[in-house]
Amino acid sequence: MRREPIVLFDNGAHQCLMFDDLVSGDGVQSNQFLIIDHDEQLLLDPGGDLTYTPLSLELSKFISVQDLTYIFASHQDPDIIASLDKWLLHTRAKVICSKLWARFLPHLTANYLAISHGISTYDRIIALPDRGQSIPLGKCQLKAVPAHFLHSVGNFQIYDPLSKILFSGDMGASLVEDATPVADFAAHLPHMEGFHKRYMASNKICRLWAAMVRQMDVEMIVPQHGRPFVGQEMISAFLYWIENLECGLDLMGPQDYQLPR
Ligand code: FE
């Protein structure tokens, strides 16, 4: 029996829903998000084939799926946007992603879309400039916030000024089958550490990102995998940890670049 989505925010006209149990089988646990403002909706990182059917069924309980306004892809990975062709075919949504990936996304969509359905993938894509931009949704303005190299070279997060939620993608992600807020930061660390050390590009980028987030009014950091950070104490703990983390390039040396035996 599938659980109801987790309601992260709801003031009647504006809602943020989190679907946390749609991936089954071999895929890594992942969270999908729907932001609704008045009569428009944005679906964040809908995922691949594993999630398409259960997610579209769940969405249909809340919205008219074919009228979905936007799909936001934080980056280009399979767990983010591999089901693109189905979403293009079954909804009218525009797809928002980094300009770095706009030319590559058509590789995810089969020729049948263009030939049988007259759908041009490229025409449905809104390509974000490197510094991001506002995204009008209903009567609010979401922000596509730069998160390049965290981990993808062209990477964005969504900040929702109304709910004060930062949808942080892979930043803060943890490999656990649990989507309840982190309660004990030290105990949670082992579930994040290896992933951030290998997937995040460098400490410089982590510090730039943390400095930006400290300037923002954030009440929740909600990653795409695992557990969110809620409240100032947990958010500060995460920001302090990540801006002091050596990762990616910092840890690579000649020993990592040897011809395998
Ligand atoms: Fe990824």
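Thresholds applied
Here the residue numbers are simple positions, counted from 1 along each chain's written sequence. Totals for whole chains, interfaces and linings use all residues, but because this is a predicted model, local features are given only for residues with pLDDT of at least 70 and pairs of side-chain atoms are given and counted only at 80 or more. With hydrogens and water excluded, all non-hydrogen atoms of the structure serve as input to the side-chain values. Note: metal donors comprise N, O and S atoms at 2.8 Å or less from the metal (3.2 Å for Na, K and Ca); water molecules are not included, so apparent gaps in a site are possible. Counting from the N terminus, the helices are the DSSP runs of H or I reaching at least four residues and the strands are the DSSP runs of E reaching at least two. Burial classification: accessible surface area is computed with a 1.4 Å probe over protein chains only, and a residue below 20% of its type maximum counts as buried, one above 50% as exposed, and the rest as partly exposed. Should DSSP find at least two bridges between two strands, the strands are regarded as paired. Any two residues whose heavy atoms approach within 4.5 Å are treated as being in contact. With axes taken as lines fitted to C-alpha atoms, and helix axes fitted only over the stretch in contact, angles between N-to-C directions fall between 0 and 180 degrees. Note on terminology: angles under 35 degrees are roughly parallel, angles over 145 are roughly antiparallel, angles of 65 to 115 are roughly perpendicular, and the others are oblique. Note on convention: the crossing is left-handed when the near helix lies turned anticlockwise from the far helix by less than a right angle, right-handed when the turn is clockwise. Each residue gets one of three labels, nonpolar for Ala, Val, Leu, Ile, Met, Phe, Trp, Tyr, Cys and Pro, charged for Asp, Glu, Lys and Arg, and polar for the others, Gly among them. Here, the term nonpolar core denotes a set of buried Ala, Val, Leu, Ile, Met, Phe, Trp, Tyr and Cys residues that are joined through side-chain atoms within 4.5 Å. Only the six-membered ring of Trp is used, alongside the rings of Phe and Tyr, when aromatic pairs are assigned; centres must lie within 6.5 Å, and planes under 30 degrees apart are stacked while those over 60 apart are edge-to-face, with the rest tilted. In the sections that follow, a salt bridge refers to a side-chain nitrogen of Lys or Arg positioned within 4 Å of a carboxyl oxygen of Asp or Glu.

K.L.:
I'd like a rundown of the coordination of the iron ion, residues and numbers included.
P.N.:
Around the iron ion, the protein contributes the donor atoms His-75 (NE2), Asp-77 (OD) and His-151 (NE2), at 2.0 to 2.1 Å from the metal centre. Of note, the iron ion draws all its donor residues from one chain, in the sequence arrangement H-x1-D-x73-H. Taken as a pair, Asp-77 in the loop between β5 (70–72) and α2 (78–81) and His-151 in the loop between β9 (140–146) and β10 (156–160) lie far apart in primary sequence, 74 residues in all. Asp-77 gets classed as buried once you look at its relative accessible area, which sits at 18%. Residue His-151 is classed as buried on the basis of its relative accessible area, which comes to 18%.

K.L.:
Talk me through the environment of Pro-190; I want residue IDs and the actual numbers.
P.N.:
Here Pro-190 is to be found in the loop between α6 (185–188) and α7 (193–199). Residues Pro-190 and Gly-226, 36 residues apart in the sequence, show an inter-C-alpha distance of 13 Å.

K.L.:
Go over the pairing of strand β8 (residues 133–137) with me, naming the residues and quoting the values.
P.N.:
Examined bridge by bridge, β8 and β9 share 5 bridges and lie antiparallel to one another. Opposite Ile-135, over in β9, you have Leu-142 as the bridge partner. In this structure, the hairpin formed by β8 and β9 is closed by a connection of 2 residues, where Gly-138 is found at a positive phi of approximately 55 degrees.

K.L.:
Kindly report on the environment of Ile-205, identifying the contributing residues and their values.
P.N.:
Take Ile-205: it is sitting in helix α8 (residues 203–214). What makes Ile-205 buried here is its relative accessible area of 17%. Residues Ile-205 and Asp-178 lie 27 residues apart in sequence; the distance between their C-alpha atoms is 28 Å. Dropping the residues within four chain positions of it, Ile-205 is found in contact with His-148, Phe-149 and Leu-150.

K.L.:
Describe helix α1 (residues 49–59), and please don't skip the residues or the numbers.
P.N.:
Within α1, burial applies to Thr-51, Tyr-52, Pro-54, Leu-55, Ser-56, Glu-58 and Leu-59. On its buried face, α1 is in contact with β2 (14–19), β3 (32–37), β4 (40–44) and α3 (84–90).

K.L.:
If you had to explain the packing of α8 against helix α9 (residues 232–243) to someone new, which residues and values would you point to?
P.N.:
At a minimum axis distance of 8 Å, the contact between α8 and α9 shows a crossing angle of 155 degrees. Between α8 and α9, the angle falls in the class roughly antiparallel. For α8 against α9, the interelement crossing comes out left-handed. Here Asn-203, Cys-206, Arg-207, Trp-209, Ala-210, Val-213 and Arg-214 of α8 come into contact with α9, specifically with Phe-238, Leu-239, Tyr-240, Ile-242 and Glu-243. Of the residues in the contact of α8 with α9, the class split is 8 nonpolar, 1 polar and 3 charged.

K.L.:
Tell me about the nonpolar core, residues and numbers included.
P.N.:
Across soluble globular proteins, nonpolar side chains show a tendency to be buried alongside one another. If you look at the biggest cluster of nonpolar residues, it comprises 30 residues, and the most contacted ones within it are Trp-209, Ile-221, Phe-229, Phe-238 and Ile-242. Broken down by secondary-structure element, the contributors of at least two residues to this core are α8 and α9. Here the element with the most residues in this core is α9; it accounts for 6 residues. Not counting residues up to four positions away in its chain, the partners in contact with Phe-229 are Gly-172, Val-182, Phe-185, His-188, Met-192, Glu-219, Met-220, Ile-221, Met-234, Ile-235 and Phe-238.

K.L.:
Would you mind going over the sheet that holds β2 in detail, with residue names and values included?
P.N.:
Pairing is mixed across the open sheet formed by 7 strands, whose spatial order is β1-β2-β3-β4-β5-β6-β7. The open sheet is flanked by β1 (6–10) and β7 (125–128), the only strands paired with a single partner. Geometrically, the sheet is characterised by an average inter-axis angle of 20 degrees between neighbouring strands, direction not taken into account. As paired elements, β3 and β4 share 5 bridges and run antiparallel to each other.

K.L.:
Help me get a handle on the packing of aromatic side chains, residues and values and all.
P.N.:
Evaluated as defined, the whole model comprises 9 aromatic pairs. Here the aromatic cluster, defined as three or more aromatic residues joined through ring pairs, consists of Phe-185, Trp-209, Phe-229, Phe-238 and Trp-241.

K.L.:
I'd like a description of the pattern of salt bridges, backed by residues and values.
P.N.:
Here the structure, examined in full by the defined rule, presents 7 salt bridges. Linking Lys-164 and Asp-217 is a salt bridge whose minimum nitrogen-to-oxygen distance equals 2.9 Å. Of this pair, Lys-164 sits in the loop between β10 and β11 (165–169) while Asp-217 sits in the loop between α8 and β12 (220–223), and the two are 53 residues apart along the sequence. On the basis of relative accessible area, Lys-164 is assigned to the partly exposed category, the value being 25%. Classification of Asp-217 by relative accessible area gives partly exposed; the value is 42%. With a closest N to O distance of 3.5 Å, Arg-227 and Asp-178 form a salt bridge. With Arg-227 in the loop between β12 and β13 (229–230) and Asp-178 in the loop between β11 and α6, this residue pair connects regions lying 49 residues apart in the sequence. By relative accessible area, which is 18% here, Arg-227 ends up buried.

Interpretation in functional terms is not warranted from these geometric data alone.
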